Amino acid sequence: MVRTANRFRLPGSAEPSDPVVMNPFECSGSPRPAEDSRCRWLRFSSWLECVCVVTFDLELGQAIELVYPQDVKLTEKEGRGHMVCYFPGCLGDTQFSFRLRQSVGRRTSRFTEDVYNRDAPVTLQREVSHFFGYVYFRQVKDVSVKRGYFQKSLVLVSRLPYTHLFHSLLQIIAPEFFEKLEPCLEAVCNEIDQWPSPIPGLTLNLPVMGVVLQVRIPSKTDKPGGSPVKQIAREVRALLFFSPTLLPTIHELDLFRCFQSVLIHLQMLWELMLLGEPVVVMAPSPNVSSETVLALIIELFKCDRSVMPFLSVRASVILGVTNPFFIKTFQTWPHIIRLGETKMAGDLPKQVKVKKLSKLKTLDTKPGKMLRHSEKRPSEVQSAILRRHLLELTQSFIIPLERYMASQMPLQRSVTPWKTPPQIRPFSQDEFMSTLDHTGPQLTSVLKGDWMGLYRKFFRSPNFDGWYRHRHKEMTQKLESLHLEVICNADLLGWTKDKSEVEIVDLILKLREKLIKARRQQLQVKDGVLDKLEAFITSIISSLPEDLQTVLGTH
């Protein structure tokens, strides 16, 4: 890792005055004492909600010792009810992650999220109703403590699923924090508050404690399987005197390490996530448990489309546990993954076992064949093979659904300026199933099995409803965009010549409503369409009597 003095500036580094990394929703780079209170911690909050210190209290048990910045308030449910539950109690240093639901009624972050979420891949968008917790836990012997052990966790709380970045950050700051405690934490938070906001597609330098982490924020326009390292290599070579610590990814897990012990069940796991089935992962350590859960939730459906990642977050329940007590508690769960040595005496074998419902039919596949003769390959290569396999599997399943949904879209010529946009035809499961002989997954996938049975189960799962709502919303917005463009090309001025004032005012109000809706939803329309319609509205208002101009001008 390269340490830099304050007087030096790296090309592309995150300084407030740098126009490349400034966000239009950020405050200007004024000196700290003169900052408006609303701007305080604005940049920090674009990365983290807060940083928490969880400790073990002899009287209270696990308790939140400190929250920073101090003006961030966690509710009782978020703090004592959830945060302190993730306290592993194992010797040494341990890193892991968790995901918790935020309390109902909590205000969203203090910055505009739409710009980031609009351009970020679905799997990396900011969570609206959940927080991610990234934990560095330390338990070491300490004779000065009554029970003989120092036990403390440093937790980064964020709405961003940047697993690799935040765990790398913890590896830098946690050891120093455990030595210097609160002063160190305050200094780190102030440094993060100077970082540029995460903007999809940009490469950023993030200085902290003398180390500069260079990362590229993925964009939804990135090609699937693209290498972030290659995309920022030119910028790394451009640094003449300093080379920051390059993180090849901010979010990807070591997929091969996560699934290595369950490769023979990979097909089944993919189906369980597709169908939103409840799963319990029992693992010997918090890091194995949390990584496996995150891999199930996020990685199984990572692809170039925006629909399948949307499904994976709809899974009923995915739990990761390490305490052997839960082995008997969850015996009645339909799907259990047991990893490693987690067992009660005489109760569980060492090897992995996957318990499944007998009713769940799986495709006839041999995932082991995919990795034949690959034992000597590096883990990152193995992970790339797994990602490619899952991508092809997911695309084979979703393409027929996408093709059928596209056929339900009204023809463009049916969109006219004088009528409301036509309706999308309803989804017919029977009609879709009748298309599979000619457009089904068997045309693109080498896997053989009961694809039709899998689709029927998918239609009964909560994930189908989530997928359909998502796609229907996208198609509706597309129709709205087409309608706006058609209106823009119509002879609106000519239409108003023989119309009454009431009809003209009604047109103005409807067009205003469509413009407001288009901007709020950030509809993708051709350049100049919205400006042209706004200019038309202004022109028509100016031709009306003054009393109507006054009334319409106040809206």
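Data block above holds the structure.
Source: prediction; values computed, not measured. (Residues numbered from 1 in each chain as written. Predicted model: local features only at pLDDT ≥ 70, side-chain atom pairs only at ≥ 80, totals over all residues. Heavy atoms only, no water.)

**Q** So what's going on with the environment of Asp491? Residues and values would help.
**A** Residue position: Asp491 is located in the loop between helix H16 (462–489) and helix H17 (492–496). With a relative accessible area of 54%, Asp491 lands in the exposed category. A sequence separation of 74 residues divides Asp491 from Pro417, and the C-alpha atoms of the two residues are 9.5 Å apart. (Helix = DSSP H or I, 4+ residues; strand = E, 2+ residues; numbered from the N terminus. Buried < 20%, exposed > 50% of the residue type's maximum accessible area, 1.4 Å probe, protein only.)

**Q** Which residues make up the sheet that holds strand E6 (residues 203–208), and what values go with them?
**A** In space, the three strands of this open sheet follow the order E6-E7-E8, with mixed pairing throughout. Of all strands in the sheet, those with a lone pairing partner are E6 and strand E8 (245–246), marking the two edges. (Pairing = 2+ DSSP bridges.)

**Q** Requested: an account of the packing of helix H15 (residues 451–460) against H16, with residues and values cited.
**A** H16 packs onto H15 with a crossing angle of 80° between their chain directions and a minimal axis gap of 4 Å. Overall, the two elements H15 and H16 adopt an arrangement that is roughly perpendicular. Of H16, the residues touching H15 (which contributes Phe458, Phe459 and Arg460) are Pro462, Asn463, Phe464 and Trp467. Residues of the contact of H15 with H16, tallied by class, amount to five nonpolar, one polar and one charged. (Axes fitted to C-alpha atoms, helices over the stretch in contact; angles between N-to-C directions. Parallel < 35°, antiparallel > 145°, perpendicular 65-115°, else oblique. Contact = heavy atoms within 4.5 Å. Nonpolar A, V, L, I, M, F, W, Y, C, P; charged D, E, K, R; others polar.)

**Q** Got a sec to walk through the nonpolar core? Specific residues and values, please.
**A** Counting residues in hydrophobic clusters, the biggest one holds 98 residues, and the most contacted among them are Trp47, Tyr162, Phe259, Leu296, Leu401 and Phe427. It is helix H3 (residues 163–180) that provides the largest number of residues to this core, a total of nine residues. Contacts of Leu401, omitting those with residues within four sequence positions, involve Phe427, Phe432, Tyr455, Phe458, Phe459 and Trp467. Counting 24 residues, the second-largest nonpolar core is a separate cluster that includes Ile487, Leu492, Leu515 and Leu544. (Core = buried A, V, L, I, M, F, W, Y, C linked by side-chain atoms within 4.5 Å.)

**Q** Pulling in residues and values, what's your account of the pattern of salt bridges?
**A** A side chain of one charge can pair with a side chain of the opposite charge if their charged atoms are brought near each other. Applying the stated criterion across every chain yields a total of 17 salt bridges. With a closest N to O distance of 2.7 Å, Glu176 and Lys180 form a salt bridge. Separated by four residues within a single helix, Glu176 and Lys180 lie in helix H3, roughly one turn from each other. Measuring nitrogen to oxygen at the nearest pair gives 2.9 Å for the salt bridge that ties Arg469 to Asp465. (Salt bridge = Lys/Arg side-chain N within 4 Å of Asp/Glu carboxyl O.)

**Q** Explain the packing of aromatic side chains residue by residue, including any values.
**A** Following the criterion strictly, the structure yields 28 aromatic pairs and no others. Geometrically, the ring pair formed by Phe132 and Tyr134 is stacked, given 6.3 Å between the ring centres and 25° between the ring planes. Like Tyr134, Phe132 is buried. With 5.0 Å between their ring centres and 40° between their planes, Tyr134 and Phe166 make a pair best called tilted. Here the residue Tyr134 occupies a position in strand E4 (residues 130–141), and Phe166 occupies one in helix H3, the gap between them amounting to 32 residues. We note that Tyr134, like Phe166, is buried. A connected cluster of aromatic rings, assembled from ring pairs, spans Trp270, Phe397, Tyr404, Phe427, Phe432, Tyr455, Phe458, Phe459, Phe464, Trp467 and Tyr468. (Phe/Tyr/Trp six-rings, centres within 6.5 Å; stacked < 30°, edge-to-face > 60°.)

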